[in-house]
Amino acid sequence: MKLNGIVGKGTGKLGASVFAISGGEQIVRQYNPVVSNPNTDAQVAQRAKLKLMSQLAADLAQSLGFQKKGLVSARNQFISANIGFCTVENGEASVPLLNLDLTGGSARIPVPAEGSSNEIHLSAAAPANVASVYYAIYQEGMGSQLTLVSQELVTEAGDNRDFPTQMTIGDGSYIIYAYAVMGNGSASLVDYADYSASIADIEAILSYLRKVRVNGGTLSATTGFRVTA
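Only a predicted model underlies this, so the values are computations on that prediction, with no experimental measurement involved.

## Brief notes about the packing of aromatic side chains
1) Next: Throughout the structure, instances matching the rule amount to two aromatic pairs.
2) Next: With centroids separated by 5.1 Å and ring planes inclined at 45 degrees, the aromatic side chains of Tyr134 and Tyr179 adopt a geometry described as tilted. Pair noted here: Tyr134 is in strand E8 (residues 130–140) and Tyr179 is in strand E10 (residues 173–183), with a separation of 45 residues, a long-range link.
3) Next: Residue classification places Tyr134 among the buried residues on the basis of a relative accessible area of 3%.
4) Next: Its relative accessible area of 2% is what places Tyr179 among the buried residues.
5) Next: When the ring of Tyr138 is compared with that of Tyr177, the centres are 6.0 Å apart and the planes differ by 65 degrees; the resulting orientation is edge-to-face. Here the residue Tyr138 occupies a position in strand E8, and Tyr177 occupies one in strand E10, the gap between them amounting to 39 residues. In this structure, Tyr138 and Tyr177 share a single accessibility class: buried.

## Points about the pattern of salt bridges
1) Next: Overall, the coordinates contain one salt bridge when judged by the stated rule.
2) Next: With a shortest N-O distance of 2.9 Å, Arg226 and Glu140 are connected by a salt bridge. Placement of Arg226 in strand E15 (residues 223–228) and of Glu140 in strand E8 is noted, with a sequence separation of 86 residues between them.
3) Next: The class for Glu140 is partly exposed, based on a relative accessible area of 25%.

## Quick look at the nonpolar core
1) Next: One finds Leu56, Leu60, Phe78, Leu100 and Tyr177 to be the most contacted residues of the largest nonpolar core, which totals 28 residues.
2) Next: Every element with two or more residues in this core is listed here: helix H1 (41–59), helix H2 (74–82), E8, strand E9 (146–154) and E10.
3) Next: Take this core: its biggest share by element is five residues, from H1.
4) Next: Apart from the residues within four sequence positions on either side, Tyr177 is in contact with Leu60, Leu97, Leu100, Leu102, Tyr134, Tyr135, Ala136, Tyr138, Leu146, Thr222, Thr223 and Gly224.
5) Next: Within the second largest apolar cluster, 18 residues are counted, among which are Ala126, Val154, Ile169 and Ala180.

## Here's the deal with the pairing of E10
Working note: regular strand, side chains alternate between the two faces of the sheet.
1) Next: With 11 of 11 residues buried, E10 lies mostly within the body of the structure.
2) Next: As paired strands, E10 and E15 are joined by six bridges and run antiparallel to one another. Within the sheet, the bridge partner assigned to Ile175 lies in E15 and is Arg226.

## Overview of the confidence of the model for the protein
1) Next: For the protein, per-residue confidence averages 78 on the pLDDT scale, and 69% of positions sit at 70 or higher.
2) Next: Mean pLDDT per element in the protein: strand E12 (residues 195–198) is the minimum at 52, and H2 is the maximum at 93.

## Here we look at the environment of Gln166
1) Next: Positionally, Gln166 belongs in the loop between E9 and E10.
2) Next: A sequence separation of 46 residues divides Gln166 from Ile120, and the C-alpha atoms of the two residues are 6.3 Å apart.
3) Next: At 3.3 Å, the side chain of Gln166 and the side chain of Glu119 are in polar contact.

## Notes on the side chain of Ser220
1) Next: As for its placement among the helices and strands, Ser220 is situated in the loop between strand E14 (217–219) and E15.
2) Next: For Ser220, a relative accessible area of 0% corresponds to the buried category.
3) Next: Apart from the residues lying within four places of it in its own chain, the contact partners of Ser220 are Thr103, Gly105, Ala107, Ile109, Tyr179, Ala180 and Met182.

## Description of unusual backbone geometry
1) Next: Positive phi values are uncommon outside glycine, yet Arg161 reaches one of about 55 degrees.
2) Next: Within the element layout of this structure, Arg161 appears in the loop between E9 and E10.
3) Next: In this structure Arg161 comes out as partly exposed when scored by relative accessible area, which is 26%.
4) Next: Non-glycine residue Phe163 carries a positive phi angle of around 50 degrees.

Here is what the cut-offs are and how they apply
Sequence order as written defines residue numbering, which begins from 1 separately in each chain. Since the coordinates come from a predicted model, pLDDT governs what is reported: local features require at least 70, and pairs of side-chain atoms require 80 or more to be given and counted, while whole-chain, interface and lining totals use all residues. Calculated side-chain values reflect all of the structure's heavy atoms, with hydrogen atoms and water omitted. Working definition: a ring pair exists when centres of Phe, Tyr or Trp rings (six-membered ring for Trp) sit within 6.5 Å. Plane angles under 30 degrees give stacked, over 60 give edge-to-face, the rest tilted. In this description a helix means any DSSP run of H or I spanning at least four residues, a strand means any run of E spanning at least two, and both kinds are numbered starting from the N terminus. Note on exposure labels: buried denotes an accessible area under 20% of the residue type's maximum, exposed denotes more than 50%, and partly exposed covers the range between, all computed with a 1.4 Å probe on protein chains only. A pairing counts as a salt bridge when a side-chain nitrogen of Lys or Arg comes within 4 Å of a carboxyl oxygen of Asp or Glu. Take the buried residues of types Ala, Val, Leu, Ile, Met, Phe, Trp, Tyr and Cys, join any two whose side-chain atoms come within 4.5 Å, and each joined set is a nonpolar core. In this analysis, two residues are considered to be in contact whenever any of their non-hydrogen atoms come within 4.5 Å of each other. DSSP calls a pair of strands paired once it identifies at least 2 bridges connecting them. Predictor confidence is given residue by residue as pLDDT, running from a minimum of 0 to a maximum of 100. Pairs of N or O atoms within 3.5 Å make up the polar contacts considered here, provided that, within protein, one atom can donate a hydrogen while the other can accept it, and that residues adjacent in sequence are counted only when both atoms are side-chain atoms.

As structure tokens, then:
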């Protein structure tokens, strides 16, 4: 506030007041020796969570099935969908990797399972409306780091509708993520970049599955399975 009736225009601290000159006028404000702490436990925890989720968003970028919504990127949708799973202890965030949601889908498919000769397939028959299943193998590293090892979009259902694939797993700990394109059988279409085909005709691995747009079908929820070889 502006001071009236005080001789001179001094500056400095007097008791609980601080004097200063502003615009040629003397003002006084209350002295507050306590600076707001930007490093509260909640803020530290939130920054740790965001750091971990940003790392995982980068690690999983090639497998994210989220679609950009307005100004919200697939990366930010992934973070928003999964940050609630994070916990923080001693300033370090962690998240149960098998619970990560890569699609935002709600329908469920059976979890992946490891069979003989490293054959990976669904542990039970997929529902009739599953047209293809995407698998991605990530090797686990320190600090929840994930490294993509192999990926495949399987469009041919096995005899038991388990969508088998032959992706090799070496020594170490791996997370297998899987989700399905669910639609009305072969009527569902997938657009990849400028390439469009019926799901039944797609036989190529999609390098950046987050670019896939599904017409007449939706992506299922993500299921995860850990393999230690």
